[in-house]
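Single-letter residue listing:
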Amino acid sequence: AQSVAQPEDQVNVAEGNPLTVKCTYSVSGNPYLFWYVQYPNRGLQFLLKYITGDNLVKGSYGFEAEFNKSQTSFHLKKPSALVSDSALYFCAVRVKGSGYSTLTFGKGTMLLVSP
Amino acid sequence: EAGVTQFPSHSVIEKGQTVTLRCDPISGHDNLYWYRRVMGKEIKFLLHFVKESKQDESGMPNNRFLAERTGGTYSTLKVQPAELEDSGVYFCASSQGLTTTYEQYFGPGTRLTVT
């Protein structure tokens, strides 16, 4: 069975500082990895994905994530946080070639950026 | 292009009542998914339609849940009779293709409260 762990319920960072939201995964096979963000009263918005190729993936709003196969991690990063980045972030995984396209999600990490 | 829409945005019902949630996917998206998030926990997969057919319904909790997608357009998810543990946010998502590289686009969710 595949699973995703987001070890931090909440991450606090000051505006202008770099931020990292952690994600590790467990799958049998090669993973496709995704980050989604949920702003208050909004649906999940796609941020970025890793399918293959370069381990550093760039996405929307200046976010990026690094795929690390040996550590089975896909941490989300941004060099300089904005107050408007405050939201709930979800990491998700699919297994390549499994025949199923459903996503397995982590429980989410609340990011709070203070002015 | 209109996104995924869901109706209603909120629903409060009493235990034993029936509720029907509706999802309108992005036009042209054959794949439609239902997910549920119980407070503070992971977003969990419920089922996946390809056009009007159920591709995977392994995540449906029990036979009180019935999903339909007549004509392969919008979908409904009926809960009958509702129980307290059914409370949560129900998300619908759609995607364009069958391969696992396609990201899913999510609706804003329906917050269901069973009292």
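A short tour of the structure in this document, coming up. Bear in mind the structure is a predicted one, so any value in this text is a computation, not a measurement. (Residues numbered from 1 in each chain as written. Chains lettered and ligands numbered in written order. Predicted model: local features only at pLDDT ≥ 70, side-chain atom pairs only at ≥ 80, totals over all residues. Heavy atoms only, no water.)

### Some words on the state of the cysteines
In protein chemistry, a disulfide is the covalent bond that joins the sulfur atoms of two cysteines. Taken as a whole, this structure holds two disulfides over all chains when the rule is applied. With its sulfur 2.0 Å from that of its partner, Cys23 of chain A forms a disulfide with Cys91 of chain A. Taking the sign of the S-S torsion, -65° for the link of Cys23 of chain A and Cys91 of chain A, the bridge is left-handed. With Cys23 of chain A in the loop between β3 (19-21) and β4 (24-26) and Cys91 of chain A in strand β10 (residues 87-95), this residue pair connects regions lying 68 residues apart in the sequence. Assessed through its relative accessible area of 0%, Cys23 of chain A is described here as buried. Between the sulfur atoms of Cys23 of chain B and its disulfide partner Cys92 of chain B the distance amounts to 1.8 Å. Residues Cys23 of chain B and Cys92 of chain B are joined through a disulfide that is left-handed, its torsion about the S-S bond being -65°. Placement of the pair is Cys23 of chain B in strand β3 (residues 19-24) and Cys92 of chain B in strand β9 (residues 88-95), with a sequence separation of 69 residues. For the pair formed by Cys23 of chain B and Cys92 of chain B, the shared burial category is buried. (Disulfide = S-S within 2.5 Å. Helix = DSSP H or I, 4+ residues; strand = E, 2+ residues; numbered from the N terminus. Buried < 20%, exposed > 50% of the residue type's maximum accessible area, 1.4 Å probe, protein only.)

### A few points about the interface of chain B and chain A
Counting residues at the interface gives 22 residues for chain B and 23 residues for chain A. In this assembly, chain B packs against chain A so that about 1900 Å² is buried in total across both faces, 56% of it on carbon and sulfur atoms. At the junction of chain B and chain A, the tally comes to one salt bridge. Where chain B touches chain A, the interface holds four residue pairs in polar contact (both at pLDDT 80 or more). A breakdown of the residues in the side of chain B that touches chain A according to their chemical character gives nine nonpolar, eight polar and five charged. (Contact = heavy atoms within 4.5 Å. Buried area = accessible area lost by both parts, 1.4 Å probe. Salt bridge = Lys/Arg side-chain N within 4 Å of Asp/Glu carboxyl O. Polar contact = N/O pair within 3.5 Å; in protein donor to acceptor, adjacent residues only side chain to side chain. Nonpolar A, V, L, I, M, F, W, Y, C, P; charged D, E, K, R; others polar.)

### Comments concerning the side chain of Thr110 of chain B
All names here are of chain B. As for its placement among the helices and strands, Thr110 is situated in strand β11 (residues 110-114). Judged by relative accessible area, Thr110 falls into the buried class, the value being 0%. From its side chain, Thr110 meets the backbone oxygen of Pro8 in a polar contact 2.5 Å long. The residues touching Thr110, leaving out its near neighbours within four places in the chain, are Gln6, Phe7, Pro8, Ser9, Leu21, Gly88, Val89 and Tyr90.

### Overview of the layout of surface pockets
Reported here for the largest pocket is a volume of approximately 650 Å³. In terms of lining residues, the largest pocket is bounded by 30 residues, among which Gln38 and Leu88 of chain A together with Arg37, Val89 and Arg111 of chain B are the most central. Going through the elements one at a time, β10 and β12 (109-114) of chain A together with β9 and β11 of chain B are the ones with two or more residues in the lining of the largest pocket. No other element matches the four residues that β11 of chain B contributes to the lining of the largest pocket. If you add up the space inside the second largest pocket, you get close to 260 Å³. The greatest single-element share of the lining of the second largest pocket, amounting to three residues, is contributed by strand β5 (residues 43-50) of chain B. Class assignment for the residues of the lining of the second largest pocket results in seven nonpolar, six polar and three charged. (1 Å grid on protein atoms, 1.4 Å probe; cavity = no way out; pocket = protein on both sides within 12 Å on 5 of 7 lines; lining within 4 Å. Points joined across faces, edges and corners; volume = space filled by probe spheres on them.)

### Details of the nonpolar core
Ranked by internal contacts, the top residues of the largest apolar core, which has 29 residues, are Trp35, Leu47, Leu48, Phe74, Leu76 and Tyr89 of chain A. When contributions to this core are tallied by element, the ones reaching two or more residues are β2 (10-14), β3, β5 (31-38), β6 (44-50), β8 (64-68), β9 (73-78), β10 and β12 of chain A. It is β10 of chain A that provides the largest number of residues to this core, a total of five residues. Residues in contact with Leu48 of chain A, not counting those within four places in the same chain, are Leu33, Phe34, Trp35, Val57, Lys58, Gly59, Phe63, Glu64, Ala65, Phe74 and Leu76 of chain A. If you look at the next biggest cluster of nonpolar residues, it comprises 21 residues, including Leu32, Tyr90, Cys92 and Val114 of chain B. (Core = buried A, V, L, I, M, F, W, Y, C linked by side-chain atoms within 4.5 Å.)

### With respect to the packing of aromatic side chains
Residue and element names in this part refer to chain A. Summed over the entire model, instances satisfying the criterion amount to 15 aromatic pairs over all chains. Between Phe63 and Tyr89 the ring centres are 5.6 Å apart and the planes differ by 50°, which places this aromatic pair in the tilted class. With Phe63 in the loop between β7 (56-58) and β8 and Tyr89 in strand β10, the pair connects residues that are 26 residues apart, well separated along the chain. For the residue pair Phe63 and Tyr89, the accessibility class agrees, reading buried in each case. (Phe/Tyr/Trp six-rings, centres within 6.5 Å; stacked < 30°, edge-to-face > 60°.)

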